[in-house]
Amino acid sequence: MRSDGPAADDPPGAGDRASPASLPALRRGSRDMAALLALPAMWVDRAPADIATDLLNVLFAMLRLESGYVRFDDPAGSIEHWRPAGRERPRAIDLALAAAPGPTIDPATNTIDIEGHHIARIVQAFQDEHCVVLASCGRPGFPGDLDLYLMRVVVSQAATAILTARRLDAERSARQAAEAALRVQTDFLAKLADDLESPLALLAARATEARALASHPGGAVRAAAAEPALVAAPHAPRLAPPVALTPREAEVLGLLGQGLSNKEIAGVLWLSDRTVERHITGLYRKLGVERRSEATAFAMRYGLVDPMSA
Amino acid sequence: MTVMDKPACRPVSFAGGVLDRYRHVCAFVNGREEEDALLEPFVREGFASGDTMLYVVDPRNRATVVSRLRHAGFDMPRLLARRQCEVRTWHETYLREGFFDRDRTLDLLDEVFGVSPLPRVRLIADMGWAAEAKIRDALLEYEAYANAVQPKYEHVAICVYDTARFGADVLIDVLRTHPVALIGGVLQVNPFFMPLPEYLAELASRDRQPIDA
């Protein structure tokens, strides 16, 4: 009897418990499942094409297949392998591909019967890729619940490994491009420094001369007073606001300070537009400001807006 | 029929896959950029289909969610006014009155999902509150019990876990409580999922320890 998949209250492979003869199958399945946990370690630093080939190898070894097919599609191209190897795909595989539906992670039906072949089909989509895996086997009862379960796990492992491999490739390429660009910029800056050395030396001499004149008690030039810091030092203690705000006013001011419009503030806080406008008018009056930007500056100064939350 | 055998309902796209019968998902993400890239198509499809997006976020990020959606091109004042988008904070949901209570939160989930089958609700919950509150076992029990609540409805629940904030041991347990998981960018039916009775029995056999966030 074939079901649509494991029920929530049954452990994996429970569908195979129909008879005592299924217990060895269950034990084998458990051992296979444990072994599958090692797959990610085996596929580290492997090229996507190698992972796809390996996926077929694992399925053949685990399920004793007659033929198998795997395809991973992504915008950059497709990886496709089949066994038995040959110039053309096995006929049953071709027919099964023609019958395959769109991507789904939990297909209600994942078997196809074609010309006497029982073919298990796994279709999985992830990000902007998707994969199709077909497995044909002459064993009676194929595919059982345990077969499908094991296939799903292996395919998921391979999909994750291929996605990781592609990401690493992309990062490696980006890093190499960035390093090349950095070399160009470094060379340019070195040349610029060489070109500016003489003029800068002259400017430095003139600045020294000006400072000497300014420090003279009778000098006409006085150094300007140091400008106050425009940005509070990180982790500076919060200042207490100079006016008392109600919790609602502080809440409205916080959201205003983070760039929300009046209508958005009303929507988030479940208030009417008019109520929000009234709060904001009251805030402007309390804070002694006239514009949203001034209210925002107040909110940031007194810690009513967390700059790290943007 | 078990709760997981509920007939398939209107499918929902998520992370390149399709959520059909299983609509309680744990999504492991690594940082804000990955989270945004993951959720944007899901949110876009939700708004286009007339579904309601319900965010549960860190109170510090409430405005950030709205700003990001606005920058993505959504008319946030209109969506918020129509209640097609709601942004609630941890303090209004998981941590009401300042602490987490499993039963109270499950009742709230039942209440939110049970208001009406339409419009469908797409819940996106930032689960970072549990890393901060260090309440591992209560979180896991809640997630396990949520699998009994959520399947009663067509609504979708995406529990977002930032992998940088939780230890691997907690994430493995989280994995056991969700029938569908997004790991490493791949959405998959979770082969490690443990049904509720089995999982509760395992939890009961462990010593209760706080998590290290």
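Our subject is the structure that appears above.
Residues numbered from 1 in each chain as written. Chains lettered and ligands numbered in written order. Predicted model: local features only at pLDDT ≥ 70, side-chain atom pairs only at ≥ 80, totals over all residues. Heavy atoms only, no water.

K.L.:
Help me understand the nonpolar core in this model?
P.N.:
Side chains of a nonpolar character, in soluble globular proteins, are inclined to be buried together. Of all hydrophobic cores here, the largest spans 54 residues; its most connected members are B:Phe14, B:Leu19, B:Phe42, B:Val43, B:Tyr55, B:Cys85 and B:Ile158. Not counting the four nearest positions on each side in its chain, B:Cys85 is found in contact with B:Phe47, B:Met53, B:Tyr55, B:Leu69, B:Met76, B:Leu79 and B:Leu80. Counting 39 residues, the second-largest nonpolar core is a separate cluster that includes A:Leu36, A:Met151, A:Val153 and B:Val186. (Core = buried A, V, L, I, M, F, W, Y, C linked by side-chain atoms within 4.5 Å. Buried < 20%, exposed > 50% of the residue type's maximum accessible area, 1.4 Å probe, protein only. Contact = heavy atoms within 4.5 Å.)

K.L.:
I'm lost on the environment of A:Asn57 in this one. Help?
P.N.:
Relative to the helices and strands, A:Asn57 resides in helix H3 (residues 48-63). Overall, A:Asn57 belongs to the partly exposed group, its relative accessible area being 32%. (Helix = DSSP H or I, 4+ residues; strand = E, 2+ residues; numbered from the N terminus.)

K.L.:
Would you mind showing me how to read the sheet that holds strand S3 (residues 111-114) of chain A here?
P.N.:
Note: strands within a sheet are paired through backbone hydrogen bonds, in either parallel or antiparallel orientation. Residue and element names in this part refer to chain A. The five strands are arranged S2-S1-S5-S4-S3 in an open sheet whose pairing can be described as antiparallel. Since the sheet does not close on itself, it has two edges, and those belong to strand S2 (77-83) and S3, each with one partner. Across this sheet, the average inter-strand angle for adjacent strands is 15°, counted without regard to direction. Sheet strands in contact with helix H4 (residues 91-99) are strand S1 (67-74), S3, strand S4 (117-126) and strand S5 (129-137), and its direction is about 45° off that of S1. Along the sheet, helix H5 (residues 145-215) contacts S1, S2, S4 and S5; its crossing angle with S4, the most-contacted strand, is approximately 40°. (Pairing = 2+ DSSP bridges. Axes fitted to C-alpha atoms, helices over the stretch in contact; angles between N-to-C directions.)

K.L.:
I tried to follow a nonpolar patch on the surface on my own but got confused; where do I start?
P.N.:
A cluster of nonpolar residues, A:Phe188, A:Leu189, A:Leu192, A:Leu196, A:Leu200 and A:Leu203, forms a patch on the protein surface that exposes about 590 Å² of accessible area. Its location among the elements puts A:Leu189 in helix H5. (Patch = residues over 30% accessible without salt bridge, like charges linked within 9 Å, V, L, I, M, F, W, Y side chains within 5 Å. Areas by Shrake-Rupley, 256 points an atom, 1.4 Å probe, with all protein chains shown as cover. Salt bridge = Lys/Arg side-chain N within 4 Å of Asp/Glu carboxyl O.)

K.L.:
Hey, could you run me through the sheet that holds strand S4 (residues 52-57) of chain B in this one?
P.N.:
All names here are of chain B. Spatial strand order, S5-S4-S6-S7-S3-S8-S9: seven strands in an open sheet with mixed pairing. Each edge of the open sheet carries a strand with a single partner, namely strand S5 (85-89) and strand S9 (186-189). For this sheet, the mean inter-axis angle between neighbouring strands, taken without regard to orientation, is 20°. Sheet analysis places strand S6 (residues 121-126) next to strand S7 (residues 156-162), joined by five bridges and oriented parallel. Across the sheet, Asp 126 pairs through a bridge with Val 160, a residue of S7.

K.L.:
Mind showing me how you'd approach the packing of helix H4 (residues 102-114) of chain B against helix H6 (residues 136-149) of chain B here?
P.N.:
Angle between the axes and distance between the axes are the two parameters that describe a pair of packed helices. All names here are of chain B. At a closest axis distance of 10 Å, the pairing of H4 and H6 adopts a crossing angle of 30°. On the basis of their axis angle, the class for H4 and H6 is roughly parallel. With respect to the hand of their crossing, H4 and H6 are arranged in right-handed fashion. Listed contacts from H6 to Arg 102, Thr 105, Leu 106, Leu 109 and Asp 110 of H4 are Glu 141, Tyr 142, Tyr 145, Ala 146 and Val 149. In terms of residue class, the contact of H4 with H6 is made up of six nonpolar, one polar and three charged. (Parallel < 35°, antiparallel > 145°, perpendicular 65-115°, else oblique. Left-handed = near helix turned anticlockwise from the far one by under 90°. Nonpolar A, V, L, I, M, F, W, Y, C, P; charged D, E, K, R; others polar.)

K.L.:
What's the story with empty space enclosed by the protein in this structure? I'm lost.
P.N.:
Summary: where empty space remains is shown by rolling a probe the size of a single water molecule over the atoms. Residues and elements named next belong to chain B. In total, this model carries four cavities of 30 Å³ or more according to the counting rule given. There is about 150 Å³ of room inside the largest cavity. Together, Leu 54, Val 56, Arg 88, Thr 93, Tyr 94, Thr 105, Leu 108, Leu 109, Val 112, Phe 113, Leu 123 and Tyr 142 line the largest cavity. Among the elements of the structure, S4 and H4 are those that each provide at least two residues to the lining of the largest cavity. Looking at the lining of the largest cavity element by element, the count peaks at five residues for H4. Class assignment of the residues belonging to the lining of the largest cavity gives a composition of nine nonpolar, two polar and one charged. (1 Å grid on protein atoms, 1.4 Å probe; cavity = no way out; pocket = protein on both sides within 12 Å on 5 of 7 lines; lining within 4 Å. Points joined across faces, edges and corners; volume = space filled by probe spheres on them.)

K.L.:
Hey, could you run me through the pairing of strand S8 (residues 180-183) of chain B in this one?
P.N.:
The side chains of a regular strand alternate, first on one face of the sheet and then on the other. Residues and elements named next belong to chain B. Here strand S3 (residues 24-29) runs beside S8; their pairing, made up of three bridges, is parallel. Bridge pairing links Cys 26 to Ala 181 in S8. In this structure, the hairpin formed by S8 and S9 is closed by a connection of two residues, where Gly 184 is found at a positive phi of approximately 60°.

K.L.:
Any chance you could explain the packing of aromatic side chains here in plain terms?
P.N.:
Residue and element names in this part refer to chain B. For the structure on display, the rule yields nine aromatic pairs over all chains. Their ring planes at 80° and their centres at 6.0 Å tell us that Phe 28 and Tyr 161 sit as a pair that is edge-to-face. Of this pair, Phe 28 sits in strand S3 while Tyr 161 sits in strand S7; the two residues are 133 residues apart in sequence, bridging distant segments of the chain. Of the two residues examined, Phe 28 and Tyr 161, each falls in the buried class. Consider the rings of Tyr 94 and Trp 129, whose centres lie 4.6 Å apart with planes at 20°: the pair is stacked. (Phe/Tyr/Trp six-rings, centres within 6.5 Å; stacked < 30°, edge-to-face > 60°.)

K.L.:
What is the right way to read helix H7 (residues 262-269) of chain A from this model?
P.N.:
Count 3.6 residues to each turn of an α-helix, and residues three or four apart come out pointing the same way. Along H7(A), six of the eight residues are buried, which leaves the element largely enclosed by surrounding structure. Residues of H7(A) that are buried sit in contact with helix H6 (247-257), helix H8 (273-287) and helix H9 (292-301) of chain A together with helix H2 (62-71), helix H3 (76-81) and S5 of chain B. A positive backbone phi angle near 60° is found at A:Trp270, which sits one or two residues after H7(A).

K.L.:
I tried to follow the environment of B:Ala146 on my own but got confused; where do I start?
P.N.:
Tracing the sequence through the fold places B:Ala146 in helix H6. Leaving out residues up to four positions away in the same chain, B:Ala146 has contacts with B:His24, B:Leu106, B:Leu109 and B:Pro151.

K.L.:
In this structure, what is going on with the pattern of salt bridges? I would like to understand it.
P.N.:
Two side chains carrying opposite charge are able to pair once their charged atoms lie near each other. Inspection of the entire model under this criterion finds 27 salt bridges over all chains. One salt bridge in this structure joins A:Glu249 and A:Lys286, with 2.8 Å as the shortest N-O distance. With a gap of 37 residues between them, A:Glu249 in helix H6 and A:Lys286 in helix H8 connect regions that are remote in the sequence. For A:Glu249, a relative accessible area of 11% corresponds to the buried category. The residue A:Glu264 makes a salt bridge to B:Arg70 at a minimum N-O spacing of 2.8 Å.

K.L.:
Would you mind showing me how to read unusual backbone geometry here?
P.N.:
The phi torsion of most residues other than glycine is negative, and most of the peptide bonds are trans. Residue and element names in this part refer to chain A. Each neighbour pair has its own omega, and for Arg 83 with Pro 84 the value is 0°, a cis peptide bond. Assignment of secondary structure puts Pro 84 in the loop between S2 and H4. Omega for the peptide link from Phe 142 to Pro 143 comes to -10°, which places this bond in the cis form. Among the structural elements, Pro 143 can be located in the loop between S5 and H5.

K.L.:
Quick question: what am I supposed to make of the pairing of S3(B) here?
P.N.:
Residues and elements named next belong to chain B. Of all the six residues making up S3, six are buried; the element is thus mostly covered by neighbouring parts of the structure. Alternating positions in S3 separate into two faces, His 24, Cys 26 and Phe 28 on one and Val 25, Ala 27 and Val 29 on the other, with burial throughout. Here S3 pairs with S7 via six bridges, running parallel. Residue pairing in the sheet places His 24 in a bridge with Ala 157 of S7.

Just geometry here; none of it tells us what the structure is for.
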